[in-house]
Amino acid sequence: MKNIILTGFMGTGKSSAGRLLARELNLKFTDIDDLIEREVGLNIPLIFEKFGEPYFRLLEKNVIKDVALKESQIIATGGGAIIDDENLKTLKASGIVICLTASADAIFSRIGGAARERPLLNLPDRREAVERLMGYRKPFYAKADVCIDTTDKKIEEVVLEIKKEIKRRGGFSQRG
Ligand code: S3P
């Protein structure tokens, strides 16, 4: 496998686990949302506000295509990335796609206070928004190569499970 890609719903710990995993494996950490923000010079909520979600998705697709060309990275995507089939294909072709999951309760308690940073959840009834979006996206996340439940787990435990999964699949190799 060339890259390890972490995806899954908002608040599943993709970026935190990705950063720690990259440090432990001595690989580069690439965060798709960070690259989008850097390219536009605005944070995600402002990109949504000024240009709308379709424009954000276009940027996301382009950044994913770009990043997927490189190797030896731990990549964290935004929570909506693999809802797009082309993104999923691009990412699967560039490595193993690992989906982090969590219960709606865990998600809600992790991101409840920081919903403003997540335009799709910045709604009067956030709990309802989390459940609705999670329900809709479930079949898309199931298309990942493997899913790891992060509910009630520390980041270190999640990273350990990811490493076990990688090992089970023959380890990390830069030759694919
Ligand atoms: C989104 C998740 C966000 C960010 C954007 C859209 C989504 O990333 O890409 O707000 O559609 O689920 P995180 O999953 O890192 O919060």
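The preceding data block contains the structure.
Source: prediction; values computed, not measured. (Residues numbered from 1 in each chain as written. Predicted model: local features only at pLDDT ≥ 70, side-chain atom pairs only at ≥ 80, totals over all residues. Heavy atoms only, no water.)

K.L.:
Explanation requested: the sheet that holds strand β2 (residues 28-31) in the structure shown.
P.N.:
Consider a sheet: its strands pair through backbone hydrogen bonds, and that pairing is either parallel or antiparallel. Strands sit in the order β2-β3-β1-β4-β5 across an open sheet of five strands; the sheet is parallel. Both edges of this open sheet fall to β2 and β5 (146-149), since each of them pairs with a single strand only. Across the sheet, the mean angle separating the axes of adjacent strands is 25 degrees when strand polarity is ignored. Sitting on the sheet, helix α1 (residues 14-25) is in contact with β1 (3-8), β2, β3 (73-76) and β4 (95-101), with an inclination near 160 degrees to β1. (Pairing = 2+ DSSP bridges. Helix = DSSP H or I, 4+ residues; strand = E, 2+ residues; numbered from the N terminus. Axes fitted to C-alpha atoms, helices over the stretch in contact; angles between N-to-C directions. Contact = heavy atoms within 4.5 Å.)

K.L.:
Before we go on, may I ask you to explain the nonpolar core in this structure?
P.N.:
The nonpolar side chains of a soluble globular protein tend to be buried with one another. Counting residues in hydrophobic clusters, the biggest one holds 32 residues, and the most contacted among them are F9, I32, I36, I107, L121 and V130. The set of elements that each furnish at least two residues to this core consists of α2 (32-40), α3 (44-51), α4 (53-67), α5 (85-93), β4, α6 (104-111) and α7 (126-141). What V130 contacts, discounting residues up to four positions off in sequence, is F9, A104, I107, F108, I111 and L121. Ranked by size, the runner-up nonpolar core spans 19 residues in total, among them I4, L21, I74 and A76. (Core = buried A, V, L, I, M, F, W, Y, C linked by side-chain atoms within 4.5 Å. Buried < 20%, exposed > 50% of the residue type's maximum accessible area, 1.4 Å probe, protein only.)

K.L.:
Sorry, what's going on with the packing of α6 against α7 here?
P.N.:
A pair of packed helices is characterised by two quantities: the angle between their axes and the separation of those axes. Close contact between α6 and α7 brings their axes to 10 Å; oriented N to C, the two are set at 130 degrees. Comparing the axis directions of α6 and α7 gives the class oblique. Considering the relative orientation of α6 and α7, their crossing is right-handed. Facing α6, whose interface residues are A104, D105, I107, F108 and I111, α7 presents R126, R127, V130, E131 and M134. (Parallel < 35°, antiparallel > 145°, perpendicular 65-115°, else oblique. Left-handed = near helix turned anticlockwise from the far one by under 90°.)

K.L.:
What is the right way to read the site of the ligand from this model?
P.N.:
In the region of the ligand, 13 residues are neighbours, and K14, D33, R57, G79 and R137 sit closest. G80 is positioned with one of its backbone polar atoms (N or O) 3.2 Å from an oxygen atom of the ligand. Between the ligand and R137 there is a distance of 2.7 Å, counted from an oxygen atom to a side-chain nitrogen or oxygen. Protein chains bury 93% of the 380 Å² of accessible surface belonging to the ligand in isolation. Looking at the shell around the ligand, its residues break down into five nonpolar, three polar and five charged. (Near = heavy atom within 4 Å. Polar contact = N/O pair within 3.5 Å; in protein donor to acceptor, adjacent residues only side chain to side chain. Areas by Shrake-Rupley, 256 points an atom, 1.4 Å probe, with all protein chains shown as cover. Nonpolar A, V, L, I, M, F, W, Y, C, P; charged D, E, K, R; others polar.)

Keep in mind these numbers describe shape, not what the thing actually does.
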